[in-house]
Amino acid sequence: MAATAKVEVRKGLSGYFSASQGRVDRWRSVHRLAKALAAGSSASEALRNEALEELNSLAPLEELCAYPGPALMATLKERLQTRDWTAFARLAQRISISLLSNSYRDDPEAWKADEDGEAHTPEVLPPGIARGQARKPYFEVLVVTPGERSTWEATRESLRRLRRDSDSFIYEPVVVGSFEDAALAAIVNYNINAVVIFDGFGYPSQHAVPDLREILAAHVPAAPSTDADLGTTLARVLNTYRPELDLYLATDRDVGALAGSDEAACIRRVFYGVEEMLEIHLSILDGIAERYATPFFDNLKKYAQRPIGTFHALPVARGKSIFKSNWIRDMGDFYGANLFLAESSATTGGLDSLLEPTGNIKVAQEKAARALGGDRAFFVTNGTSTANKIVHMALLNPGDIVLIDRDCHKSHHYGLVLAGAQPYYIDAFPLTQYSMYGSLAIRPIKEALLALKAENKLDRAKMVVLTNCTFDGHVANTVQTMLECLAIKPDLIFLWDEAWFGFARFSPFLRRRTGMGAAAKIRGMMRDPAYRERYNAFKASVGEIDAKNKKVLDTPLLPDPDKVRVRVWETDSVHKSMSALRQGSIIVVADQDFHRIEPMFKESFFTHTSTSPNQQIIASLDLARRQMELEGYELVQRAIQLAIEARADINSHPLVSKYFRAATPAEMVPAQYRQSGIADFGAPGWSVAKTMKALDGDEFFLDPTRITLLCGNAGYDGTQFKALLSNEYDIQINKTSRNSVLVQININNTRSDVALLMKALADISRAIEKRLAEGGEKEKAIFEARVKSLVTDVPDLPDFSRFHDAFRDNPKSAANEGHMREAFYLAARPEACEYLKLNSKELDDRIRNGPEVVSAKFVIPYPPGFPILVPGQVITDATITFMRKLDVKEIHGYNAAMGLECLKPEALAQLKGKAPAAGAAQRSTKPSPVGT
Ligand SMILES: Cc1ncc(COP(=O)(O)O)c(C=O)c1O
């Protein structure tokens, strides 16, 4: 990317993804100018004008934030105007540093105009800060008022007066006077956690700032024709944008009727008139306390503080065997006493049982469901690997058909073996040039469903399993995918594996593309009379939905609102993108038929869950939820911003970009799935509105936080480069492909981390330059050959071939589902298996001339962890060629010394047409009785 594009990213998109980061940058610039003025720069008049311009352009943003607030802003401007450079520089520094370090949230000094002077406006200091009490969490409350600007300070003051020392939290009010300013404040001010709306305000913003207008236009519907119900309209807009916010409405309308109405459903409390200030204040604190409360963690802390004698298993509980030990006391020193005090195998005494929660775990799960947008949620303490198996076993019966991306995580494939359901494998689109798969497009899923319908097997198609987003960042269009599938099979269940995507719920951009975000949207659509009209028109123009209808594949399908059952499941590795301990995972459910499968869900949960679940993992799930509900919006926006900056840093660096590249959306998502034409984040001319269009309409969107760093041009394969980063630069990454590594940015990363990566890339690039400069023609030739082999001579990616006829009900069927469980258990009999060496002539001859070679095992290169062979699959030339070129060293299910484990042709011949192998599920072609 050119340098100009980079500037665009910083100036344009940063305003969008992280307005607060852009704001901090501006304040740093004010500080820099102030320092130059104080140092007596000869260009003082020009600097002064520049500083004034920066302050003026900051002013509209500052009106939406409590700190530094109107009083400090006025003082600063006055010092600039009176040319008191030293005092101006002092205050500019104080504000800039406070914003950068967030110290204004708990440091009284930040709120003062001068170091040892009184606070400039003592009354603005939150009392917990001013009186040196223990730190209380700080937030800001947005107050939307019809009052004149001259009354705003009194409004702020009336709320401040209600503060008490016993309050658990401290907040500062931010007052605005219009719909647009309120919406803008919620977008750009991360500190806002509650909104008090006094009805009667107008619509237009008081500021004419193009950047902010553009941000607003992308989120807020056109101005309503009347001001009458702006309060509830604003509440709905804010609720859509930031569902975690507590919303309060004070109005003189008929509050009784309003409070019970659908239009006010997202409002936490409705007040009559303005005379309820104390109630409003208490409600605000109560709302925050509700989100802050972590019922399981809170109880665990209490439990740890009690003098409890334990007479059950788990000697580490209370830590006595550790702290008194002669030999493992360092274990205690390292982990600290609390870990052991908080360990218990009990489910009583203030704790709860994960297996049958009735107390604080139950409440913690209900809160998690709310936070993640589901009807219910279940904590899982052994990772999403287990969460997926729980869902498969709960929802599937032997004989059910599951449409599944072959590149799904291995837990799904094992889950299908356990459940005895038959996978119908569908291939994701390949990204051959990077030796990776993309994601599963809608069209092949439709084709598969239509093939099943044509063979009267649609009733057995129970579920679709999809990864969202994929390891490499392909984010599905969850709404469109589900609508089109439901149009063919209205009660299909969707399992969205969002192991990597849990954080997306807290991004207003990505939320719509989560399973739960889409489930909510589809529920709304099915109730909407306008949708019914759309559906009727669609039905009249498209006709019967079956394989014979030529229009069906090329037309976006709409489901029948009278038939649709919304049945959506989502599994999130909370530990992968939020602050949970490793293995902390969650199942989130929006399934209108949950009541029908609840008993099976329990059985499945019992099957897979340890009877000794880890207390600390459960507590961390509770805490991760608290964090995301209170600061997830800020953290996720910052992570996205950081990722966009990192991408621009890599691709615009003159030397680094010679050898490395952050793959852009245009490179990662083929054009047919990028209908909006989005090519890169923040490319010149690319507006916020167009990004929203891409998010709404494109079949796939690239998650900016997952950066495929192409390293083939530097002469490194992914595995080598990963080792180099780890051994030489202390940089850990996880996934590799033949010519790339995956750099993941999450809520834990900072600009310093990106700087560390950039330094490493620059060092490595310099070393390559030196080697090439000093190595002569020979070195150059070696390097070029290596690059060519990595970048150009890439192996084709093998599609799923087919199940061997022995594992198919009807080998002639166009649908490809197979009895994988039967193959899996046939392989348990050593006499049924044979080994063929990967590089042998025997294997080549067998593939060419038969008898067919059939895999006995899942063969799973790790990473990324999806199978290139499954039990019962016919092995083809394509798979063998790919395996021979594979750069990954760890391949589960394959022992190089022994060779590929295959099922003997005699064993397959015996099986064909006979009873199922021992241990296999009974072949059943009947639809399962449960949950269809
Ligand atoms: C798509 C996907 N699903 C599930 C998992 C398993 O998650 P966990 O590590 O939480 O068991 C992974 C792990 O990498 C994954 O990539």
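Quick note: structure is the one above.
Source: prediction; values computed, not measured.

## Structural notes on the sheet that holds strand β21 (residues 833–836)
And step 1. Spatial strand order, β21-β25-β22: 3 strands in an open sheet with antiparallel pairing. Since the sheet does not close on itself, it has two edges, and those belong to β21 and β22 (854–855), each with one partner.
And step 2. As judged from the 4 bridges shared by β21 and strand β25 (residues 900–903), these two strands associate in the antiparallel manner. Considered in β25, the bridge of E834 is made with C902.

## Concerning the site of the ligand
And step 1. Neighbouring residues of the ligand: G383, T384, S385, N388, H409, T467, D497, A499, W500, S573, H575 and K576.
And step 2. Note that an oxygen atom of the ligand is positioned 2.8 Å from one of the backbone N or O atoms of T384.
And step 3. Here D497 contributes a side-chain N or O atom positioned 2.6 Å from a nitrogen atom of the ligand.
And step 4. About the coverage of the ligand: the protein hides 88% of its 390 Å² of free accessible area.
And step 5. Among the secondary structure elements, those contributing two or more residues to the shell around the ligand are α18 (383–395) and α24 (574–577).
And step 6. Element by element, the count of residues in the shell around the ligand is highest for α18, at 4 residues.
And step 7. A class-by-class count of the residues in the shell around the ligand yields 2 nonpolar, 8 polar and 2 charged.

## Quick word on helix α12 (residues 277–292)
And step 1. A rise of 1.5 Å per residue sets the reference length of α12, with its 16 residues, at 22 Å; its end C-alpha atoms lie 23 Å apart and thus fit the reference within 8%.
And step 2. All of the buried residues in α12 are M277, I280, H281, S283, I284, L285, G287, I288 and R291.

## What to know about the sheet that holds strand β7 (residues 401–405)
And step 1. The sheet built from 7 strands is open, its strands ordered β6-β15-β14-β13-β11-β7-β8 with mixed pairing. In the strand order of this sheet, the two ends are held by β6 (376–380) and β8 (422–426), each with one partner. In this sheet, adjacent strand axes meet at a mean angle of 20 degrees when their direction is disregarded.
And step 2. Here strand β11 (residues 461–467) runs beside strand β13 (residues 493–497); their pairing, made up of 5 bridges, is parallel. Residue pairing across strands places V465 opposite L495, the latter belonging to β13.
And step 3. Here helix α21 (residues 478–488) sits on the sheet in contact with β11, β13 and β14 (567–572), set at roughly 155 degrees to β13.

## Here we look at the pattern of salt bridges
And step 1. Enumeration according to the criterion identifies 65 salt bridges in this entry.
And step 2. With a closest N to O distance of 2.7 Å, E62 and R23 form a salt bridge. Here E62 is found in helix α3 (residues 44–62), whereas its partner R23 is found in helix α2 (residues 19–38), with 39 residues between them in sequence.
And step 3. When its relative accessible area of 5% is taken as the criterion, E62 is described as buried.
And step 4. Between R625 and E629 there is a salt bridge whose closest N-O contact spans 2.9 Å. Note that R625 and E629 are positioned in helix α26 (residues 615–652) at a spacing of 4 residues, about one turn of the helix. One exposure class covers both R625 and E629, and it is buried.
And step 5. Beyond isolated ion pairs, a larger network of salt bridges with shared partners links E153, R156, E157, R160, R163 and E172.

## Observations regarding the nonpolar core
And step 1. Judged by nonpolar contacts, the single largest core of 223 residues is most densely connected at L403, W569, I587, F601, F807 and L903.
And step 2. In this structure, A646, L655, I731 and V741 belong to the second largest nonpolar core, which totals 34 residues.

## Examining the packing of aromatic side chains
And step 1. Tallied over the entire structure, the rule returns 35 aromatic pairs.
And step 2. Ring plane angle 55 degrees and centroid distance 4.6 Å describe the contact between Y414 and F858, whose orientation is recorded as tilted. Pair noted here: Y414 is in helix α19 (residues 410–419) and F858 is in the loop between β22 and β23 (860–862), with a separation of 444 residues, a long-range link.
And step 3. Classification of Y414 by relative accessible area gives partly exposed; the value is 29%.
And step 4. Following the ring pairs from residue to residue traces out a cluster consisting of F378, W569, F594, F601 and F605.
And step 5. The ring of W500 carries K576 above its face, with NZ or CZ at 4.5 Å from the centroid.

## Side note on the side chain of R567
And step 1. Here R567 is to be found in strand β14.
And step 2. At a separation of 2.8 Å, a polar atom in the side chain of R567 contacts the side chain of D591.

## Considerations on helix α4 (residues 69–81)
And step 1. Taking 1.5 Å as the rise per residue, α4 with 13 residues should run 18 Å; its terminal C-alpha atoms sit 18 Å apart, in good agreement.
And step 2. Restricting attention to buried positions, one finds in α4 the residues G69, L72, M73, T75, L76, R79 and L80. On an axial view of α4, the arc spanned by its buried residues comes to 160 degrees, and they lie on one face.
And step 3. In the stretch just after α4, R83 is the one whose phi turns positive, near 60 degrees.

## Section: the environment of A580
And step 1. You can see A580 is positioned in the loop between α24 and β15 (585–591).
And step 2. Sequence-wise, A580 and T151 are 429 residues apart; in three dimensions their C-alpha atoms are separated by 45 Å.
And step 3. Excluding anything up to four places from it in sequence, A580 contacts V574, H575, S620, L621 and A624.

## Looking at the environment of L282
And step 1. Turning to its location among the elements, L282 is positioned in helix α12.
And step 2. Between the C-alpha atoms of L282 and R163, which are 119 residues apart in sequence, the distance is 9.5 Å.

## A word on the packing of α3 against α4
And step 1. Remark: α3 packs on α4, axes separated minimally by 11 Å, with the N-to-C direction vectors making an angle of 165 degrees. By the criterion of interaxial angle, the relationship of α3 to α4 is roughly antiparallel. Crossing hand, α3 versus α4: left-handed. On the side of α3, the interface is formed by R48, A51, L52, L55, N56 and E62, while α4 contributes M73, L76, K77, L80 and Q81.
And step 2. Taken together, the residues of the contact of α3 with α4 sort by class into 6 nonpolar, 2 polar and 3 charged.

Definitions and cut-offs
- Within each chain, residue numbers correspond to sequence positions counted from 1 in written order.
- Local features in this predicted model are restricted to residues of pLDDT 70 or higher, and side-chain atom pairs are both shown and tallied only at a pLDDT of 80 or more, whereas totals for entire chains, interfaces and linings draw on every residue.
- Derived side-chain values reflect all non-hydrogen atoms in the structure, with water molecules and hydrogen atoms excluded from consideration.
- The pairing criterion is simple: DSSP has to find at least two bridges between the two strands.
- Helix numbering and strand numbering both begin at the N terminus, where a helix is a DSSP run of H or I of at least 4 residues and a strand a DSSP run of E of at least 2.
- Only heavy atoms are used to decide nearness, and a residue is near a molecule or strand if one of them lies within 4 Å of it.
- Under the rule applied, a polar contact is a pair of N or O atoms within 3.5 Å (in protein, one hydrogen donor and one hydrogen acceptor; residues adjacent in sequence only if both atoms are side-chain atoms).
- Using a 1.4 Å probe, the Shrake-Rupley method yields the accessible areas, and only the shown protein chains count as cover for residues.
- Throughout this entry, Asp, Glu, Lys and Arg are counted as charged residues, while Ala, Val, Leu, Ile, Met, Phe, Trp, Tyr, Cys and Pro are counted as nonpolar. The remaining residues, Gly among them, count as polar.
- An expected span of 1.5 Å times one less than the residue number is assigned to each helix.
- Relative accessible area decides the class of each residue, using a 1.4 Å probe on protein chains only: under 20% of the type maximum gives buried, over 50% gives exposed, and in between gives partly exposed.
- In this analysis, axes come from line fits to C-alpha atoms, helices being fitted only over the stretch in contact, and the angle between any two N-to-C directions falls in the range 0 to 180 degrees.
- A contact between two residues is defined here by any heavy atoms of the two lying within 4.5 Å.
- Counted as salt bridges are all cases of a side-chain nitrogen of Lys or Arg within 4 Å of a carboxyl oxygen of Asp or Glu.
- Buried Ala, Val, Leu, Ile, Met, Phe, Trp, Tyr and Cys residues form a nonpolar core when they are joined through side-chain atoms within 4.5 Å.
- The rule is short: rings of Phe, Tyr and Trp, with Trp giving its six-membered ring, pair when the centres are within 6.5 Å, and they are stacked under 30 degrees, edge-to-face over 60, tilted in between.
- Should the NZ of a Lys or the CZ of an Arg lie within 6 Å of a ring centre and within 35 degrees of the ring normal, that charge is described as sitting over the ring.
- Summarising the geometry, the arc corresponds to the directions from the helix axis toward the C-beta atoms.
- Reported orientations rely on four angle classes, namely roughly parallel under 35 degrees, roughly antiparallel over 145, roughly perpendicular from 65 to 115, and oblique for the rest.
- Definitions for this section: a left-handed crossing has its near helix turned counterclockwise from the far helix by less than a right angle. A right-handed crossing has that turn clockwise.

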